Amino acid sequence: MINIKDQQLLFSENDFEGLIAGVDEAGRGPLCGDVYAAAVILDPNQPIIGLDDSKKLTEKRRAILAAEIKEKAMAWAIASSSVAEIDEINILQATLLAMRRAVAALSIQPQLLRVDGNQDPKSNVPAVTIIKGDSLFAEISAASILAKDARDQSMYEADRAYPQYGFGQHKGYGTKAHLAALAQYGVTPLHRTSFAPIKRLVEEAVR
């Protein structure tokens, strides 16, 4: 693993001629739902205008770009780790597992990964970790968008199953509305019991 900090490249990628996949995740912070990851190999002959860190884009713009990425990329894959896996192995390890699954699911295997953040997923492909990489490299931006779009869609499904919790609005984050719904209705099977607010509610319920 090579770590890039403060936007300082520690090696010359100009000498690298293989396929590069961007990798990013979505859903580490929320109190419920699976964590998602995506891997994307962009096609240099089909540039996509407007790629950026998914958090900087509106939901509508993300959806439009997600469709374009799926249409134009050389290869893309989305994977997840379940709530049960998150609670069993912790959110960081579950996130890295989802990243490995996304990389393994690519129809074309890359020779290098550019991974957002500072954690190498330790797949069978060499990785470069890049702080704020989703704002620096188009392929990581694309992965960020696909992962976030997939995670949001899963929360709309959760909203249909449990409409009283407002998942469609807060996307599972610990907002005041979400915490109020938890206090009123209790914990669902979608909630991560290893996360402190949920663990506390579960413990109080069995007293």
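If you're wondering where the values come from, they're calculated on a predicted model, not measured in any experiment. (Residues numbered from 1 in each chain as written. Predicted model: local features only at pLDDT ≥ 70, side-chain atom pairs only at ≥ 80, totals over all residues. Heavy atoms only, no water.)

## Here's the deal with the overall build of the protein chain
Stated formally: Only runs of H or I of at least four residues qualify as helices and only runs of E of at least two qualify as strands under DSSP, and these elements are numbered from the N terminus. For this measure, only C-alpha atoms enter the radius of gyration; the expected value for a globule follows 2.2 Å times N^0.38, where N is the number of residues.
Looking only at helices and strands, the protein chain has seven helices and six strands in total. Mapped from its N terminus to its C terminus, the protein chain presents α and β elements in the order β-β-β-α-β-α-α-β-β-α-α-α-α. Against the compact-globule benchmark of 17 Å for 207 residues, the protein chain has a radius of gyration of 18 Å, which places it among compact chains. When its C-alpha atoms are laid out on the principal axes, the protein chain stretches across 60 × 30 × 30 Å.

## Quick word on the side chain of Arg 62
The cut-off we apply is this: Under the scheme applied here, a residue whose accessible area is under 20% of the maximum for its type counts as buried, over 50% as exposed, and between as partly exposed, the area being computed with a 1.4 Å probe on protein chains only. Here a residue-residue contact requires only that any non-hydrogen atoms of the pair lie within 4.5 Å.
Secondary-structure assignment places Arg 62 in helix H1 (residues 59-72). On the basis of relative accessible area, Arg 62 is assigned to the buried category, the value being 8%. Discounting chain neighbours no more than four positions away, the residues touching Arg 62 are Ser 54, Leu 57, Ile 145, Lys 148 and Asp 152.

## As for the pattern of salt bridges
So the rule is basically this: In the sections that follow, a salt bridge refers to a side-chain nitrogen of Lys or Arg positioned within 4 Å of a carboxyl oxygen of Asp or Glu.
In this structure the tally under the stated criterion is eight salt bridges. One salt bridge in this structure joins Lys 55 and Asp 53, with 3.2 Å as the shortest N-O distance. Judged by relative accessible area, Lys 55 falls into the exposed class, the value being 65%. For Asp 53, a relative accessible area of 6% gives the class buried. Among the salt bridges present, the one from Lys 55 reaches Asp 134, with a minimum N-O distance of 3.5 Å. Here Asp 134 lies in the loop between strand S6 (127-130) and helix H4 (138-161) and Lys 55 lies in the loop between strand S3 (35-41) and H1, a separation of 79 residues in the sequence.

## Some thoughts on H1
Note the cut-off: Multiplying one less than the number of residues by 1.5 Å gives the expected span of a helix.
Between its first and last C-alpha atoms H1 spans 20 Å; for 14 residues at 1.5 Å apiece the expected length is 20 Å, and the two agree. Within the sequence span of H1, burial applies to Arg 62, Leu 65, Ala 66, Glu 68 and Ile 69. Residues of H1 that are buried make contact with S3, strand S4 (75-81) and H4.

## Some details on the UniProt feature "binding site: a divalent metal cation" (unreviewed entry) in the protein chain
Test applied: UniProt positions are given in the numbering used here, feature names are shortened, and annotations may be inferred rather than shown by experiment. The pocket and cavity definitions rest on a 1 Å grid over protein atoms only: a 1.4 Å probe that fits but cannot leave marks a cavity, an open set with protein on both sides within 12 Å along at least five of seven lines marks a pocket, and residues lining either have an atom within 4 Å of a point.
Here the UniProt-annotated "binding site: a divalent metal cation" (unreviewed entry) positions come out as Asp 24, Glu 25 and Asp 116. Judged by maximum C-alpha separation, these annotated positions cover 93 residues in sequence but sit close together in space, the widest gap being only 8.1 Å. When only the residues just named are considered, the largest pocket is lined by Asp 24, Glu 25 and Asp 116. Along the polypeptide, Asp 24 turns up in strand S2 (residues 20-26). Judged by relative accessible area, Asp 24 falls into the buried class, the value being 2%. Leaving out residues up to four positions away in the same chain, Asp 24 has contacts with Tyr 36, Ala 37, Ala 38, Met 99, Asp 116, Asp 134, Ile 140, Ala 143, Ser 144 and Ala 147. Here Glu 25 is to be found in strand S2. Contacts of Glu 25, omitting those with residues within four sequence positions, involve Val 35, Tyr 36, Ala 37, Thr 95, Met 99 and Ala 147.

## Structural notes on the environment of Ser 135
Note the cut-off: Polar contact criterion, stated in full: a pair of N or O atoms within 3.5 Å, where within protein one must be able to donate a hydrogen and the other to accept it, and residues adjacent in sequence count only if both atoms are side-chain atoms.
Relative to the helices and strands, Ser 135 is located in the loop between S6 and H4. When the C-alpha positions of Ser 135 and Asp 53 are compared, they lie 5.0 Å apart, and in sequence the two are 82 residues distant. For Ser 135, the contacting residues outside a window of four places in its chain are Asp 52, Asp 53, Lys 56 and Ser 141. In terms of polar contacts, Ser 135 uses its side chain to reach the side chain of Lys 56, at 3.0 Å.

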